Amino acid sequence: MLHTVNSVHDLRAALLPWREAGETVGFVPTMGALHKGHLALIDASRKVTKRTVASIFVNPLQFGPSEDLAKYPRPLEEDKKLLAEAGCDLLYAPEPAEIYPEGFITKIDPGPLATILEGAVRPGHFSGVATVVAKLLLQAMPDCAFFGEKDYQQLLIVRRMVRDLNIPVHLGAVPTVRDTDGLALSSRNAYLPPEQRKQAASFPAILKECVNLFAEGRDIGKVLAEGHERLTGAGFKCDYLELRDAGTLAPAHDLTLPGRLLGAIRIGSVRLIDNMPVNGI
Ligand code: PAF
């Protein structure tokens, strides 16, 4: 049975004996509805730290007013089982009032990186992410924390915040885990009806085609325009398809530095994001 705590006090009490024994602690923050992508984060933590703590907290601060906070899946018992099987040592599952008690007002502003791409479509989202991640890291004070490359912009924002605020944690980035047809695993995939789930596999396939065309030296603007057309032709509404500098997310006009292709689409009411590395030449 996975040891579960719900308060900052109990979290710190559970961590104390490990700390006193000189054991290293890895931390995997999640919003639950766990899949193999999350389990890859647990694996990555277990490879480098003695103890692994996961958190499950559906963070209201990162949901917009028209987003799916109320219907976000919360299969806590299943999640606990998966975490225990994956070798996680402790689950921190606080209630909203523990994280945002009455009168809570301080928020982190991650700056311009939070206003582009996902941030342009979801205003306030990354402030909510950065605020909760800062709180969770300060509550657990782990040696390492693990984030998936699937949420690439989130990863860069957290990296920047940790550096800017001198939070003493080492960050691990874990490659995206994909289904057999290439679709990046995401808790939101569960919202896709079977026909749309099948259709969704064209999204990573089109991204991959763009990556291959970049590797052949094709004109970046043309590849992106064609990619956009192909996404629309495949039945998606494309929010963006952009080639960005992999380190700063500034627009990439050439491939002298490593790039990242980032895309966001909608199929019906479901919004999916994905990204792939584009090697510099
Ligand atoms: O990636 C997520 O699941 C969330 O954004 C995170 C990092 C757990 C913060 O709520």
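These numbers come from a predicted model, not from an experiment. (Residues numbered from 1 in each chain as written. Predicted model: local features only at pLDDT ≥ 70, side-chain atom pairs only at ≥ 80, totals over all residues. Heavy atoms only, no water.)

Digging into helix α9 (residues 202-215)
The test is simple: Counting from the N terminus, the helices are the DSSP runs of H or I reaching at least four residues and the strands are the DSSP runs of E reaching at least two. Multiplying one less than the number of residues by 1.5 Å gives the expected span of a helix.
Between its first and last C-alpha atoms α9 spans 20 Å; for 14 residues at 1.5 Å apiece the expected length is 20 Å, and the two agree. Phi for Gly217, located one or two positions after α9, is positive at around 85 degrees.

Notes on the sheet that holds strand β2 (residues 25-30)
Here is the rule we go by: When DSSP finds at least two bridges between two strands, those strands are taken to pair. Contacts are residue-level and defined by heavy atoms, with any inter-residue pair within 4.5 Å sufficient. What counts as an axis is a line fitted to C-alpha atoms, over the stretch in contact for a helix, and the angles between N-to-C directions run from 0 to 180 degrees.
The 6 strands are arranged β1-β4-β3-β2-β5-β6 in an open sheet whose pairing can be described as parallel. Edge positions in the sheet fall to β1 (4-5) and β6 (170-174), since each of these pairs with one other strand and no more. In this structure, strand β3 (residues 51-56) lies alongside strand β4 (residues 90-92), joined through 3 bridges in parallel fashion. Bridging across to β4, Ser55 finds its partner in Tyr92. Sheet strands touched by helix α1 (residues 8-20): β1, β2, β3 and β4. Its angle to β4, the strand with the most contacts, is close to 155 degrees.

A look at the packing of aromatic side chains
In plain terms, the rule: Here a pair means two rings of Phe, Tyr or Trp (six-membered ring of Trp) with centres within 6.5 Å. Their orientation is stacked below 30 degrees between planes, edge-to-face above 60, and tilted elsewhere. We call a residue buried when its accessible area falls under 20% of the maximum for its residue type, exposed when it is over 50%, and partly exposed in between, using a 1.4 Å probe and counting protein chains only. Distance and angle both matter: a charge sits over a ring if NZ of Lys or CZ of Arg is within 6 Å of the ring centre and within 35 degrees of the ring normal.
Considering all chains together, one arrives at 4 aromatic pairs under this definition. Seen in terms of ring centroids, Tyr100 and Phe104 are 4.9 Å apart; in terms of plane orientation they differ by 65 degrees. Their pairing is edge-to-face. By relative accessible area, Phe104 is classed as partly exposed at 28%. A ring pair is formed by Phe203 and Phe236, whose centres lie 6.4 Å apart and whose planes are at 65 degrees; its orientation type is edge-to-face. In this pair, Phe203 sits in helix α9 while Phe236 sits in the loop between α10 (220-233) and β7 (237-245), placing the two residues 33 residues apart along the sequence. Per residue, the accessibility class of Phe203 equals that of Phe236, and both read buried. Seen from the ring of Tyr191, Lys71 lies directly overhead, with NZ or CZ sitting 4.3 Å from the centre.

Quick look at the site of the ligand
Worth spelling out the cut-off: Definition of nearness: a residue and a molecule or strand are near each other if at least one heavy atom of the residue lies within 4 Å of the molecule or strand. By the criterion applied in these results, polar contacts are pairs of N or O atoms within 3.5 Å in which, for protein atoms, one can donate a hydrogen and the other can accept it, and in which residues neighboring in sequence qualify only through two side-chain atoms. Each residue is assigned to one of three groups, with Ala, Val, Leu, Ile, Met, Phe, Trp, Tyr, Cys and Pro labelled nonpolar, Asp, Glu, Lys and Arg labelled charged, and all others, Gly among them, labelled polar.
Near the ligand you find Pro29, Thr30, Met31, Asn59, Gln62, Val132, Val133, Asp151 and Gln154, and these make up its full shell. Gln62 is positioned such that a nitrogen or oxygen atom in its side chain is 2.6 Å from an oxygen atom of the ligand. Here an oxygen atom of the ligand sits 2.7 Å away from a polar atom, N or O, in the side chain of Gln154. Among the secondary structure elements, those contributing two or more residues to the shell around the ligand are β2 and α6 (125-140). Taken together, the residues of the shell around the ligand sort by class into 4 nonpolar, 4 polar and 1 charged.

A look at the sheet that holds β7
On the basis of which strands lie adjacent, the open sheet formed by 3 strands has the order β7-β8-β9 and antiparallel pairing. Two strands close off the open sheet at either side, each with one partner strand: β7 and β9 (270-278). Averaged over neighbouring strand pairs, the angle between their axes works out to 10 degrees when direction is ignored. Sheet analysis places strand β8 (residues 259-267) next to β9, joined by 9 bridges and oriented antiparallel. The residue bridging Ile267 from the neighbouring strand is Val270, located in β9. Lying over the sheet, α9 contacts β7, β8 and β9, oriented at roughly 25 degrees with respect to β9. On the sheet, α10 packs against β7 and β8 and is oriented at approximately 155 degrees with respect to β7.

A word on the side chain of Glu118
Relative to the helices and strands, Glu118 resides in helix α5 (residues 118-121). A relative accessible area of 5% means that Glu118 is categorised as buried. Engagement of the side chain of Glu118 in a polar contact is seen with the side chain of Tyr240, the distance being 2.6 Å. Ignoring anything within four residues of it in the chain, the contact list for Glu118 reads Phe126, Gln153, Tyr240, Ala264, Arg271 and Ile273.

Here we look at unusual backbone geometry
Here Leu117, not a glycine, exhibits a phi torsion of approximately 50 degrees, which is positive. For Leu117, a relative accessible area of 6% gives the class buried. The phi angle at Leu249 is positive, at roughly 65 degrees, despite the residue not being glycine. Its place among the elements puts Leu249 in the loop between β7 and β8.

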